[in-house]
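Each chain, letter by letter, is given below.
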Amino acid sequence: MGGYTIGVIGGDGIGPEVVQEALKVLAAAGVEVEAVPFDLGASAYLRTGDVLPDRILDQLRTLDAILLGAIGPPVGSTEVPAGLLERGLLLRLRFELDLYINLRPFKTPRGAATLGAAGMDLWVVRENTEGPYAGEGGALRRGTAHEVATQGSVNTRFGVERCIRYAFGLSADKGLSRVSLVHKTNVLTYAGSLWSRAFEEVGSEHPDIERDYCHVDAACIHLVERPDRFQVLVTDNLFGDILTDLAGALSGGIGLAASANLNPAGTGPSLFEPVHGAAHDIVGTGRANPLAAIRSAAMMMEHLGEAEVAARMTSAVEQVAADPAWGGRTTAELGDAVAGRLC
Ligand code: IPM
Ligand code: MN
């Protein structure tokens, strides 16, 4: 196994704590990692006044991959303007590095209680560079009684098609039999039509994979009541954001939810991060769950072509998550438990 140069953005709150456990498990798995730390996030911004300087972005572009803990100031803090870090750091990285897929796996731990009849074993493929996140829109007459605000959704044939293509490719790679498009085609008719046509056309190239469609509101019901309807779920940026919080909460909690921000074309590094936030309220208590960060690091190994290491790490995370004792363990104990089950 070759060595990898990984940019590590611990970030804010519990970010550094969970990333440390992910690095511990990578080392235990025998991966040679040169971890290059980057001081970015709310605290870095408050110290330096910079969110993401161009020269840092250029440095990040040269890496094999990026591992990120969490970004954000404490809830209720007014020192960092709303949206500054989201748009200036996280979304900027997604856009600049063309991380057009946000891949999020959800698997109910063995033995865990489920709300519905079935557990979840699902890949969400979220489009990650367009939709309402593109920043289209503006405001007029701000702060007056006649204020106007628009916030458009950008959907390009190119962006939608490459996302859907990735979803069918993933389904084929994993030996799965169904891809579900989730949208709101009955109301968002312009974007919905583009997504539906691209879905039909790309999907017809995979006659052995079933094509399924579900409105986003109904998809919320299915995720709760019969999540086994979904194997690979492909959707736009905002629907994907919302659905993946729901899926996380339903499949063992957000502390297990991992994500990969992928540039499948390989024109730059991909970025791996747990779905959860900075959780400043539990910093230093040992209560942060590192399993999502470790699972994200496993996705990083898979992306780097180390399928065997990725499978060992993922299986170890699943074993620990299925252990009834895991809820009582500290952050470091959980990291040790995963490292100890790598086999
Ligand atoms: C996520 C987060 C981000 C998003 C925020 C922090 C910009 O919620 O990764 O799901 O909305 O994509
Ligand atoms: Mn989110």
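As shown above, the structure is provided for reference.
Here goes a summary of the coordinates provided. What you are looking at is a predicted structure, and each value in this text was computed from that prediction instead of being measured.

**Description of the pairing of strand 11 (residues 258–262)**
Okay, so step 1: Here strand 11 lies mainly inside the structure; 5 of its 5 residues are buried.
Okay, so step 2: Side-chain alternation along strand 11 places Ala258, Ala260 and Leu262 on one buried face and Ser259 and Asn261 on a second face that is also buried.
Okay, so step 3: Two elements, strand 4 (residues 101–107) and strand 11, share 3 bridges in a ladder whose sense is antiparallel. Residue pairing across strands places Ile101 opposite Leu262, the latter belonging to strand 11.
Okay, so step 4: As paired strands, strand 11 and strand 12 (residues 270–274) are joined by 4 bridges and run antiparallel to one another. Across the sheet, Asn261 pairs through a bridge with Leu271, a residue of strand 12.

**A closer look at the site of ligand 1**
Okay, so step 1: Inspection of the region around ligand 1 gives Glu86, Leu90, Arg94, Arg104, Arg126, Tyr133 and Asp241 as its neighbouring residues.
Okay, so step 2: Note that an oxygen atom of ligand 1 is positioned 2.8 Å from one of the side-chain N or O atoms of Arg104.
Okay, so step 3: Separating an oxygen atom of ligand 1 from a side-chain N or O atom of Tyr133 is a distance of 2.6 Å.
Okay, so step 4: In isolation ligand 1 exposes 320 Å². Once the protein is present, 76% of that is buried.
Okay, so step 5: With 3 residues, the single largest contributor to the shell around ligand 1 is helix 4 (residues 84–96).
Okay, so step 6: Of the residues assigned to the shell around ligand 1, the class counts are 2 nonpolar, no polar and 5 charged.

**Focus: helix 4**
Okay, so step 1: Considering bend angle alone, the principal kink of helix 4 is centred on Leu90 and spans about 25 degrees.
Okay, so step 2: Residues of helix 4 that are buried include every one of Leu85, Gly88, Leu89, Leu90, Leu91, Leu93 and Arg94, and no others.
Okay, so step 3: A positive backbone phi angle near 50 degrees is found at Asp98, which sits one or two residues after helix 4.

**Topic: the environment of Ala265**
Okay, so step 1: In this fold, Ala265 is placed in the loop between strand 11 and strand 12.
Okay, so step 2: Accessibility expressed as a relative area gives 56% for Ala265, which makes it exposed.
Okay, so step 3: Each C-alpha atom of the pair Ala265 and Leu99 lies 9.2 Å from the other, and the pair is 166 residues apart in sequence.

**Things to note about the sheet that holds strand 8 (residues 178–183)**
Okay, so step 1: Strand order in this open sheet of 10 strands is 2-1-3-12-11-4-5-10-8-9, and the pairing throughout is mixed. Either end of the sheet is taken by a strand with one partner, and the two such strands are strand 2 (33–37) and strand 9 (210–215). Ignoring strand direction, the axes of neighbouring strands in this sheet form an average angle of 25 degrees.
Okay, so step 2: On top of the sheet, helix 7 (residues 216–225) reaches strand 5 (121–127), strand 8 and strand 9; it is set at about 105 degrees to strand 9, its chief contact.

**Details of the pattern of salt bridges**
Okay, so step 1: Applying the stated rule across the entire model yields 22 salt bridges.
Okay, so step 2: Two residues, Lys24 and Glu21, come together in a salt bridge whose shortest N-O distance is 2.6 Å. Of the two residues, Lys24 and Glu21 both sit in helix 1 (residues 15–28), 3 residues apart, roughly one turn of that helix.
Okay, so step 3: For Arg92, the salt bridge is made with Glu96, and the minimal N-O distance between the two is 3.6 Å. Note that Arg92 and Glu96 are positioned in helix 4 at a spacing of 4 residues, about one turn of the helix.
Okay, so step 4: Members of the salt-bridge network, linked through shared partners, are Asp54, Asp58, Arg61, Arg92 and Glu96.

**Regarding helix 5 (residues 157–173)**
Okay, so step 1: A rise of 1.5 Å per residue sets the reference length of helix 5, with its 17 residues, at 24 Å; its end C-alpha atoms lie 24 Å apart and thus fit the reference within 8%.
Okay, so step 2: All of the buried residues along helix 5 are Gly159, Val160, Arg162, Cys163, Ile164, Tyr166, Ala167, Phe168, Leu170 and Ser171.
Okay, so step 3: Positive backbone phi, approximately 70 degrees, marks Gly175, located one or two places after helix 5.

**A few points about the packing of aromatic side chains**
Okay, so step 1: For the structure on display, the rule yields 1 aromatic pair.
Okay, so step 2: Taken together, a centroid distance of 5.4 Å and an interplanar angle of 45 degrees make the contact between Phe168 and Phe199 tilted. With Phe168 in helix 5 and Phe199 in helix 6 (residues 189–203), this residue pair connects regions lying 31 residues apart in the sequence.
Okay, so step 3: Sitting over the ring of Tyr133, Arg126 keeps its end group 5.1 Å from the ring centre.

**Section: the packing of helix 1 against helix 9 (residues 291–303)**
Okay, so step 1: The geometry of helix 1 relative to helix 9 is characterised by a closest axis approach of 8 Å and an angle of 50 degrees between their N-to-C directions. Compared by their axis directions, helix 1 and helix 9 come out oblique. Of the two elements, helix 1 crosses helix 9, and the hand of that crossing is right-handed. Contact with helix 1, carried on its side by Val18, Glu21, Ala22, Val25 and Leu26, involves Ala293, Ile294, Ala297, Met300 and Met301 of helix 9 and no other residues of that element.
Okay, so step 2: Of the residues assigned to the contact of helix 1 with helix 9, the class counts are 9 nonpolar, no polar and 1 charged.

How each quantity is defined
Residues numbered from 1 in each chain as written. Chains lettered and ligands numbered in written order. Predicted model: local features only at pLDDT ≥ 70, side-chain atom pairs only at ≥ 80, totals over all residues. Heavy atoms only, no water. Buried < 20%, exposed > 50% of the residue type's maximum accessible area, 1.4 Å probe, protein only. Helix = DSSP H or I, 4+ residues; strand = E, 2+ residues; numbered from the N terminus. Pairing = 2+ DSSP bridges. Near = heavy atom within 4 Å. Polar contact = N/O pair within 3.5 Å; in protein donor to acceptor, adjacent residues only side chain to side chain. Areas by Shrake-Rupley, 256 points an atom, 1.4 Å probe, with all protein chains shown as cover. Nonpolar A, V, L, I, M, F, W, Y, C, P; charged D, E, K, R; others polar. Bend = angle between axes of the 7 residues up to and from the residue. Axes fitted to C-alpha atoms, helices over the stretch in contact; angles between N-to-C directions. Contact = heavy atoms within 4.5 Å. Salt bridge = Lys/Arg side-chain N within 4 Å of Asp/Glu carboxyl O. Expected span 1.5 Å × (residues − 1). Phe/Tyr/Trp six-rings, centres within 6.5 Å; stacked < 30°, edge-to-face > 60°. Lys NZ or Arg CZ within 6 Å of the ring centre and 35° of its normal. Parallel < 35°, antiparallel > 145°, perpendicular 65-115°, else oblique. Left-handed = near helix turned anticlockwise from the far one by under 90°.

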